[in-house]
Amino acid sequence: MDIFRKELDTYDGHTVTQITLVNDNGVEISCLTMGAIWQAFSVPSGAGKKNLLLSFEHTKDYYANAQNICKAIGRVAGRIAHGKCELNGEQVQLPQNENGNTLHGGQNGFSTYNWNYTTSRNKNSVSVIFQKKITEKMDGFPGNILATIIYTLNNNNKVTISFSALGGSKDSLFNPTNHVYFNLSDRQDLSSHSLKINSSATLETDENNIPTGRVKEVEATPLDFRDFRNVKAAADEADGFDDAFVVNQPGKGTEPIAVLRDEDSGRQITIDSDRNGLVMYNMPALDTEIKFSRDQGKPAIPGEWLALEAQTLPDAINQENFGDIVLPKNGKRSYHIQFAYDKIK
Ligand SMILES: OC[C@H]1O[C@@H](O)[C@H](O)[C@@H](O)[C@@H]1O
């Protein structure tokens, strides 16, 4: 196993370091200090390597569009209605950055910081540990927290992202994720991808994508992924995805929350998590031209990728039974998302 560090470039006055972790099977991941971005999950392919993530070579390209490509998202992923909630009986106003709502931690969320980092090595795994003290003044959320994001690659080709936060003198909120974008194939679409999700219902949302509190059964809809189903066919039928799935049996660990497979190559990612939600997003329309490294100069096309964001269900703080995302003062909260790579043919 190996750990490499490289000063990649500068962005917004920050020196951005790229950290690459390599395991004994030649599988490697790269992360950037800026945004704690997950830049690469590269697996052996023929004589070379294949990055299963959509990526850019330069940091600035991650910030030239609103897609949050492979960035760490926090303190709270998804939307919080009107940027408001009640904490300890008090009304709290959070930063509003989309239609009066809070999206992905507001305009100064986790994805906007250059994180401090260290690395560690164990018998069968290597890790990069990002850490940042985030104050109320920095992002407009209540309470100061010490946030840690750890990416670990082990010799079973599994990547674990662990998020934790230590609370300060006030209660806060913590529901982070990684906005990872996959395309496991050599095509510029998802036509050879099959997906299975351990979920029988999605959240109903209003015109601004805010959950209404009701759930919709997936049965007889294009969102029925209880068994493997072709991703592109379902996306075409659904007119693109931007949906929050309610994950069955959260925390019980009996089944993965999702399995994404490329039928052409046999590359497969199995996602496990202790979270009760999975947001699936596949870029129904593009607001700016994007050119991913994988496409060698060709502009990205809608539906080229699949974002699978494990998290506690969106707007949990304002909804009954969506999960608890309060980080108690002086308390600690931790979450894990695991992505296991297999080649099944
Ligand atoms: O930020 C990019 C995208 O992130 C997803 O998590 C949201 O559900 C989308 O509505 C949003 O456009």
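In this report, the structure presented in the accompanying data block is examined. Quick caveat, the model's predicted, so the values are computed rather than measured.

Cut-offs applied
- Every chain's residues receive numbers from 1 upward, in the order its sequence appears when written.
- Where totals are concerned, whole chains, interfaces and linings use all residues; where local detail is concerned, this predicted model gives features only for residues with pLDDT of at least 70, and gives and counts side-chain atom pairs only at 80 or more.
- Excluding hydrogens and water, the side-chain values take into account all heavy atoms of the structure.
- Strand pairing is defined by DSSP finding a minimum of two bridges between the two strands.
- Counting from the N terminus, the helices are DSSP H or I runs at least four residues long and the strands are E runs at least two residues long.
- Two aromatic rings, drawn from Phe, Tyr or Trp (for Trp, its six-membered ring), form a pair once their centres lie within 6.5 Å of each other, and the interplanar angle then sorts them: stacked below 30 degrees, edge-to-face above 60, tilted otherwise.
- For the exposure calls, accessible area comes from a 1.4 Å probe over protein chains only, and a residue counts as buried if that area is under 20% of its type's maximum, exposed if over 50%, partly exposed in between.
- Nine residue types can take part in a nonpolar core, namely buried Ala, Val, Leu, Ile, Met, Phe, Trp, Tyr and Cys, and a core is a set of them joined through side-chain atoms within 4.5 Å.
- A contact between two residues is defined here by any heavy atoms of the two lying within 4.5 Å.
- Note on method: axes are straight lines fitted to C-alpha atoms, helices fitted across the in-contact stretch only, with angles between N-to-C directions ranging 0 to 180 degrees.

## A closer look at the pairing of strand β11 (residues 116-121)
Turning to step 1, where the next piece is worked out: Here β11 runs beside strand β12 (residues 125-134); their pairing, made up of six bridges, is antiparallel. Among the inter-strand pairings, Asn116 is bridged to a residue of β12, identified as Gln131.
Turning to step 2, where the next piece is worked out: Once β11 ends, the chain turns through three residues before running back antiparallel as β12.

## Looking at the packing of aromatic side chains
Turning to step 1, where the next piece is worked out: A full pass over the atoms with the stated rule returns 17 aromatic pairs.
Turning to step 2, where the next piece is worked out: Here Trp38 and Phe182 contribute two aromatic rings whose centre-to-centre distance is 6.5 Å and whose plane-to-plane angle is 85°, an arrangement assigned as edge-to-face. You can see Trp38 sitting in strand β4 (residues 38-45) and its partner Phe182 sitting in strand β17 (residues 181-182), a full 144 residues away along the chain. Comparing Trp38 with Phe182 shows no difference in burial state: the two are buried.
Turning to step 3, where the next piece is worked out: Between the aromatic rings of Phe110 and Trp115, the centroid separation amounts to 5.2 Å while the plane-to-plane angle is 75°, which identifies the pairing as edge-to-face.
Turning to step 4, where the next piece is worked out: The class of Phe110 is buried, set by a relative accessible area of 1%.
Turning to step 5, where the next piece is worked out: In textbook terms, an aromatic cluster arises when at least three aromatic residues are bridged by ring pairs, as seen for Trp38, Phe41, Phe130, Tyr151, Phe182, Phe339 and Tyr341.

## Things to note about the environment of Asn124
Turning to step 1, where the next piece is worked out: Its place among the elements puts Asn124 in the loop between β11 and β12.
Turning to step 2, where the next piece is worked out: When its relative accessible area of 42% is taken as the criterion, Asn124 is described as partly exposed.
Turning to step 3, where the next piece is worked out: Through-space distance from the C-alpha of Asn124 to that of Asn154 is 5.6 Å; in sequence the pair is 30 residues apart.

## Considering the nonpolar core
Turning to step 1, where the next piece is worked out: Formed by 78 residues in total, the largest nonpolar core has its most connected members in Trp38, Phe41, Phe110, Ile149, Leu195 and Phe339.
Turning to step 2, where the next piece is worked out: Among the elements that line this core, the one with the most residues is strand β13 (residues 145-154), at five residues.
Turning to step 3, where the next piece is worked out: The contacts of Ile149, once residues within four sequence positions are left out, are Ala36, Ala72, Phe110, Trp115, Val128, Ile129, Phe130, Ile161, Ser162 and Phe163.

## Some points on the sheet that holds strand β1 (residues 2-11)
Turning to step 1, where the next piece is worked out: Within the open sheet, the five strands sit side by side as β1-β2-β3-β4-β5. Their pairing is antiparallel. Sheet topology places β1 and β5 (48-51) at the edges, where each strand pairs with a single neighbour. Adjacent strand axes in the sheet meet at a mean angle of 25° when their direction is disregarded.
Turning to step 2, where the next piece is worked out: Judged from the four bridges that link them, β4 and β5 form a sheet pairing that is antiparallel. Residue pairing for β5: Ser42 is matched across the bridge by Asn51.

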